[in-house]
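One letter stands for each residue in the lines below.
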Amino acid sequence: MKAARLNRLFGTSGNCFDVAIDHGMFNERTFLAGIENMKTAIQVIAEAKPDAIQLPPGTAPLLQAIPGKDRPALVLRTDIANIYGNPLPSVLFSEVIDRAVEQGVVLDAACVVVNLLMLPNQPEVYRACVRNVNILKRECEIYGMPLMVEPLVMQDNSKGAYMVDGAIDKILPLVRQAAELGADIIKADPCDNVEEYHRVIEIAQGLPVLVRGGGRVSDQEILSRTKVLMEQGARGIVYGRNVIQHSNPKGMTQALMAIVHDGVTAEEAARHLG
């Protein structure tokens, strides 16, 4: 069944756009902008018909309650971490929800996703993430559930909350580790120079790589960057705040879908924004 679930994620073009609306899982006030009302947020995005929507177990039923068979697939967020605030808590953790893959099956998920976090001077968080991936991998094999691993290199939080490190020499080994641990899909950050992203694709050993969107940027930047990343060999994107915090989330979803699936230019895609 793993192949069938993957087919629900990757459209006829072979690519995927997964809209992340799982930010409320992490107990960080600033993450809630644009998703205060989850039912409305999910309905707006679902109407734009991305390939998937990424949700935690508590709000995933809102997506699956949408009638019809053409709603976006569910990507189930399976882990919780407290690493996003500034300052960091005195004790950090990263834990997987109980019976994560079973919950994914019950919720009719097409995939489950888990972090592989690398924070400066926080080896115990990294160790917990490796343990989480290992636990999920075997369960995913038993149930035929695709496993998306999110290797995420973070900067020191004193520089600002939730700051990712775009240094490609740090991204590459963590992406490769995710592949070696058994990921079926890699969800990775863009590097500082997006023209080098083909190196991330190569190090993933043939696995489909979906690129994270990161913090909110201008329409021009997100559309142009996405076009370059797709040309570098990415199989799609996983964007959250650049969609859900946009004044026209439906239009932005459609614009990004045009780049991911139809290969249009950033300028052509921008027409969807009106």
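A quick note: this is a predicted structure, and the numbers were derived from the prediction, not measured.

In terms of helices and strands, the protein chain carries eleven helices and ten strands. Its C-alpha radius of gyration of 17 Å places the protein chain within 12% of the 19 Å reference for a compact globule of 274 residues. The principal-axis extents of the C-alpha atoms in the protein chain amount to approximately 45 × 40 × 35 Å. Going through the 274 residues of the protein chain one by one, you find that 58% of them count as buried. Counted over contacts in the protein chain with a minimum sequence separation of 6, partners at least 24 positions apart contribute 68%.

Opposite charge on two side chains lets them pair, provided their charged atoms get close. The tally for this structure, following the rule as stated, stands at 17 salt bridges. Measuring nitrogen to oxygen at the nearest pair gives 2.3 Å for the salt bridge that ties Asp-189 to Arg-212. Note that Asp-189 is positioned in the loop between strand S8 (185-188) and helix H7 (198-203) and Arg-212 in strand S9 (residues 209-212), a separation of 23 residues in sequence. Here Asp-189 and Arg-212 have matching classes, each one buried. Shared partners join several salt bridges into a network, and the residues in it are Asp-22, Arg-77, Asp-79, Glu-150, Lys-187, Asp-189 and Arg-212.

With the rule as written, the count across this model stands at three aromatic pairs. Among the aromatic residues, those joined into a cluster by ring pairs are Phe-26, Phe-31 and Tyr-84.

A word on the packing of helix H8 (residues 219-231) against helix H10 (residues 249-262). The geometry of H8 relative to H10 is characterised by a closest axis approach of 9 Å and an angle of 25° between their N-to-C directions. Of the possible angle classes, the one that applies to H8 and H10 is roughly parallel. As for the relative orientation of H8 and H10, their crossing is right-handed in sense. Residue-level contacts link Asp-219, Ile-222, Leu-223, Thr-226, Lys-227 and Met-230 of H8 to Met-252, Ala-255, Leu-256, Ile-259 and Val-260 of H10. Split by residue class, the contact of H8 with H10 holds eight nonpolar, one polar and two charged.

All right, on to H10 then. Given a rise of 1.5 Å per residue, 14 residues ought to cover 20 Å, and the 19 Å separating the end C-alpha atoms of H10 matches this to within 8%. Pro-249, Gly-251, Met-252, Thr-253, Ala-255, Leu-256, Met-257, Ala-258, Ile-259 and Val-260 are the residues of H10 that are buried. Two residues or fewer past H10, Gly-263 is found with a positive phi of approximately 70°.

Let us look at the nonpolar core. Counting 85 residues, the largest nonpolar core has Ile-21, Leu-55, Ile-83, Leu-117, Tyr-197 and Leu-223 as the members making the most contacts within it. A per-element tally of this core places H10 first, with seven residues. Filtering out sequence-adjacent residues up to four positions away, Leu-117 remains in contact with Ala-81, Ile-83, Tyr-84, Ser-94, Val-125, Tyr-126, Cys-129 and Leu-152. Grouped together as the second largest cluster of nonpolar side chains are 14 residues, Leu-9, Cys-16, Ala-52 and Ala-110 included.

Here we come to the pairing of strand S2 (residues 52-55). Alternating residues of S2 divide into Ala-52 and Gln-54 and Ile-53 and Leu-55, and every residue in both groups is buried. As paired elements, strand S1 (residues 16-20) and S2 share three bridges and run parallel to each other. Looking at S2, one finds that Val-19 is bridged to Ile-53. For the crossover from S1 across helix H2 (residues 38-48) to S2, the handedness is right-handed. One ladder, built from four bridges, connects S2 with strand S3 (residues 73-77); its direction is parallel. Of the residues in S3, the one forming a bridge with Leu-55 is Leu-76.

Cut-off values and rules
- Residues numbered from 1 in each chain as written.
- Predicted model: local features only at pLDDT ≥ 70, side-chain atom pairs only at ≥ 80, totals over all residues.
- Heavy atoms only, no water.
- Helix = DSSP H or I, 4+ residues; strand = E, 2+ residues; numbered from the N terminus.
- Rg over C-alpha atoms; globule rule 2.2 N^0.38 Å.
- Buried < 20%, exposed > 50% of the residue type's maximum accessible area, 1.4 Å probe, protein only.
- Contact = heavy atoms within 4.5 Å.
- Salt bridge = Lys/Arg side-chain N within 4 Å of Asp/Glu carboxyl O.
- Phe/Tyr/Trp six-rings, centres within 6.5 Å; stacked < 30°, edge-to-face > 60°.
- Axes fitted to C-alpha atoms, helices over the stretch in contact; angles between N-to-C directions.
- Parallel < 35°, antiparallel > 145°, perpendicular 65-115°, else oblique.
- Left-handed = near helix turned anticlockwise from the far one by under 90°.
- Nonpolar A, V, L, I, M, F, W, Y, C, P; charged D, E, K, R; others polar.
- Expected span 1.5 Å × (residues − 1).
- Core = buried A, V, L, I, M, F, W, Y, C linked by side-chain atoms within 4.5 Å.
- Pairing = 2+ DSSP bridges.
- Right-handed = clockwise from strand over helix to strand, strands pointing away.

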